[in-house]
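# Examination of the molecular architecture
This is what each chain is made of:
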Amino acid sequence: MPDVVVVIGAGLIGLTTAYELLQRGRQVLVLDAGPDVAQGASHANGSILTPSMADPWNSPGVHRHLLASVVDRRAALVLRVSALPSLWLWGLRFLRNSSPTRHRAATLDSFLLSNYSLRRTRELRERLSLDYGSTTRGTMRLFRDGENLQRALALAQMLGEHGLRFALLDRAAAVEAEPQLAPVAARIAGALRFPDDEGGDAYRFCVALATRIEDCGGRIRRGLGARGILVRQGTVCGVDSGDGVIATSEVIVACGVDSQKLVNPLGIDLAIRPAKGYSLTLDVSSVSGCPQAPLVEDSLHVAIAPMGDQLRIAGTAEFAGMDRSIRPERIENLFEALVATYPDVARQVERRTAVSWAGLRPMSSDGLPTVGPSRVRGLYVNAGHGHLGWTMAVGSAHMLADLITGVAPAINASPYRVGR
Ligand SMILES: Cc1cc2nc3c(=O)[nH]c(=O)nc-3n(C[C@H](O)[C@H](O)[C@H](O)COP(=O)(O)OP(=O)(O)OC[C@H]3O[C@@H](n4cnc5c(N)ncnc54)[C@H](O)[C@@H]3O)c2cc1C
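This report concerns the structure included in the present document. (Residues numbered from 1 in each chain as written. Predicted model: local features only at pLDDT ≥ 70, side-chain atom pairs only at ≥ 80, totals over all residues. Heavy atoms only, no water.)

The next thing to look at is the environment of Val37. Relative to the helices and strands, Val37 is located in the loop between β2 (28-32) and β3 (48-49). Of the residues examined, Val37 reaches a relative accessible area of 2% and is grouped as buried. Spatially, the C-alpha atoms of Val37 and Leu118 are 22 Å apart, while their sequence positions differ by 81 residues. When residues no more than four places from it in sequence are discounted, the contact partners of Val37 are Ala10, Leu15, Tyr203, Cys206, Val207, Ala210, Ile220 and Arg222. (Helix = DSSP H or I, 4+ residues; strand = E, 2+ residues; numbered from the N terminus. Buried < 20%, exposed > 50% of the residue type's maximum accessible area, 1.4 Å probe, protein only. Contact = heavy atoms within 4.5 Å.)

This is the structure we're talking about:
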């Protein structure tokens, strides 16, 4: 039996992977450079699990949005000139993958993993009685523009052939489904409802899962970063950590945007770059008439999700390198999206106690995560989940644990392989 498996990263991806390996009888040691689990992108994300949003962000024509964003401060997708040197090669691949054929193929692969993952997430929640404020009322995607609605409908119909359930709502039906939209009804072109999507607080999920991992004998070393992966004759032999060398023959790289840096010296290219996003979490405990289900506002590219006594607004993607700073104007855009969607709610909330946050999505150049073994024996990768890391976490973990333990994964793992 191999020795302890070292998992690098204690966000959604590292923790779910560690848990699945424990379930298969392996010993695990999780390292995280941060002071606690889920302090990276998994901390305050949009909190929705959405196979319905499987389409990668490099849709055909994305280059026009990126160019326009250099001058438009309110654009949802922003390219900072300062980040260009780190983006050249990756950016070319990102654009090459935006051809209609490639984008369509990646959308389908992204959906298959997302849908599988959501099923596994439900099973895990029920089996462990995990409490992370999950909501099972589906999501609604709201459109102000008829053309965008038709494009999204065509995509939903394509995915419908592979299991996505959806309903097209006209303006009246959208307001009937979410009465809080009544004040903005005149500006609604229509909506799509996805009954199987879910919501839930990723941070609470991570904390609850970390407890289970430790209860089952897994170890989590908080505040201990991996500095390098040690390899002898093409095989992993250890991890160089801030606390000396940890001997092991199996390592899983699951450290989000930092994954690329860790495998660079081994000549492995994961094509992952950071795409910064923001969230604003509001206390709505004394607000009347809060929405009951998550909503994605298509034109503003913002998700608004109820989480018990809180409401989270999340969105925007800034290609700004590893800069995690919070730009007040981006947070303001999120609040304006709330005003434009739920004006009655926006009027009642207390801004003083709102929590602003920014995180870095690990974005791959083809919109798919990398999950599987690398060409270094004993080195595995589970990273690059972009805007869908919460949606895909449990499924990716299952798939990798299957591959490591010699079980055939339930879905074809080839589209997500290392070095594809
Ligand atoms: C604003 C925003 C909204 C989002 N909304 C959604 C959503 O609604 N639904 C959805 O599905 N997805 C969403 N996402 C995406 C999702 O949050 C990410 O894909 C996911 O969190 C990535 O998880 P991860 O574990 O790979 O990375 P992270 O959560 O970043 O975890 C990586 C961990 O690795 C650690 N680490 C880094 N380097 C080292 C090292 N050398 N040694 C040890 N530890 C290290 C870090 O400290 C960190 O804890 C959103 C992301 C953002 C930013």
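Residues Leu15, Leu124, Phe205, Leu209, Ile213 and Ile252 are the most contacted members of the largest nonpolar core, which totals 47 residues. At the level of secondary structure, the elements contributing two or more residues to this core comprise β1 (5-8), α1 (12-23), β2, α4 (100-128), α7 (202-215) and α11 (389-404). Per element, the largest residue contribution to this core is eight residues, and it comes from α11. Beyond its immediate stretch of four places on either side in the chain, Leu15 contacts Gly9, Ala10, Val37, Cys206, Leu209, Ala210, Ile213 and Ile220. Ala174, Ile313, Leu338 and Tyr342 belong to the second largest nonpolar core, which has 31 residues in total. (Core = buried A, V, L, I, M, F, W, Y, C linked by side-chain atoms within 4.5 Å.)

With that settled, the discussion passes to the site of the ligand. Inspection of the region around the ligand gives 34 residues, with Asp32, Ser42, Gly46, Ile48 and Thr391 positioned closest. One of the backbone N or O atoms of Ala41 is found 2.9 Å from an oxygen atom in the ligand. One nitrogen or oxygen atom from the main chain of Gly389 is found 3.2 Å from an oxygen atom belonging to the ligand. Contact with the protein chains removes 93% of the 1,000 Å² of surface that the ligand exposes when unbound. Counting residues per element, the ones that place at least two in the shell around the ligand are α1, β2, β14 (272-283), β18 (355-364) and α11. (Near = heavy atom within 4 Å. Polar contact = N/O pair within 3.5 Å; in protein donor to acceptor, adjacent residues only side chain to side chain. Areas by Shrake-Rupley, 256 points an atom, 1.4 Å probe, with all protein chains shown as cover.)

What follows is about the sheet that holds strand β11 (residues 235-241). Read from one edge of the open sheet, three strands run β10-β11-β12, paired in antiparallel fashion. Only two strands of the sheet have a single neighbouring strand rather than two, namely β10 (226-232) and β12 (244-247). Each neighbouring strand pair of the sheet contributes to a mean axis angle of 30°, computed without reference to strand direction. Strand direction decides the pairing type here: β11 and β12, joined by four bridges, are antiparallel. By the bridge assignment, Gly238 is partnered in β12 with Ala247. (Pairing = 2+ DSSP bridges. Axes fitted to C-alpha atoms, helices over the stretch in contact; angles between N-to-C directions.)

What follows is about the sheet that holds strand β20 (residues 379-383). Judged by pairing direction, the sheet is mixed, and its six strands sit side by side in the order β9-β2-β1-β13-β20-β19 without closing on themselves. Of all the strands in the sheet, just β9 (219-222) and β19 (370-373) have a single pairing partner and so form its edges. Neighbour-to-neighbour, the strand axes of the sheet open up by a mean angle of 20°, direction not taken into account. Sheet analysis places β1 next to β2, joined by four bridges and oriented parallel. Considered in β2, the bridge of Val7 is made with Val30.

Moving on to the side chain of Thr107. Looking at the secondary structure, you find Thr107 in helix α4. With a relative accessible area of 1%, Thr107 lands in the buried category. Setting aside chain neighbours within four positions, we find Thr107 in contact with Ala54, Asp55, Pro56, Leu155, Met158 and Leu159.

Once that is clear, we can look at the pairing of β2. In terms of burial, β2 is a largely internal element, five of the five residues being buried. Alternating positions in β2 separate into two faces, Val28, Val30 and Asp32 on one and Leu29 and Leu31 on the other, with burial throughout. Each parallel crossover has a hand, and the one from β1 via α1 to β2 is right-handed. Note that β2 and β9 share four bridges and pair parallel. Along β9, the bridge assignment pairs Leu31 with Arg221. (Right-handed = clockwise from strand over helix to strand, strands pointing away.)

It is worth spelling out the pattern of salt bridges at this point. Evaluation of the coordinates by the stated rule reveals 26 salt bridges. Here Asp240 makes a salt bridge to Arg227, at a shortest N to O gap of 3.4 Å. Here Arg227 lies in strand β10 and Asp240 lies in strand β11, a separation of 13 residues in the sequence. You can call Asp240 partly exposed: its relative accessible area is 23%. Using a relative accessible area of 60% as the deciding quantity, one classes Arg227 as exposed. Across the pair Glu318 and Arg330 runs a salt bridge, and its minimum N-O distance is 3.5 Å. Of this pair, Glu318 sits in strand β17 (residues 310-319) while Arg330 sits in helix α9 (residues 328-341), and the two are 12 residues apart along the sequence. Overall, Glu318 belongs to the buried group, its relative accessible area being 0%. (Salt bridge = Lys/Arg side-chain N within 4 Å of Asp/Glu carboxyl O.)

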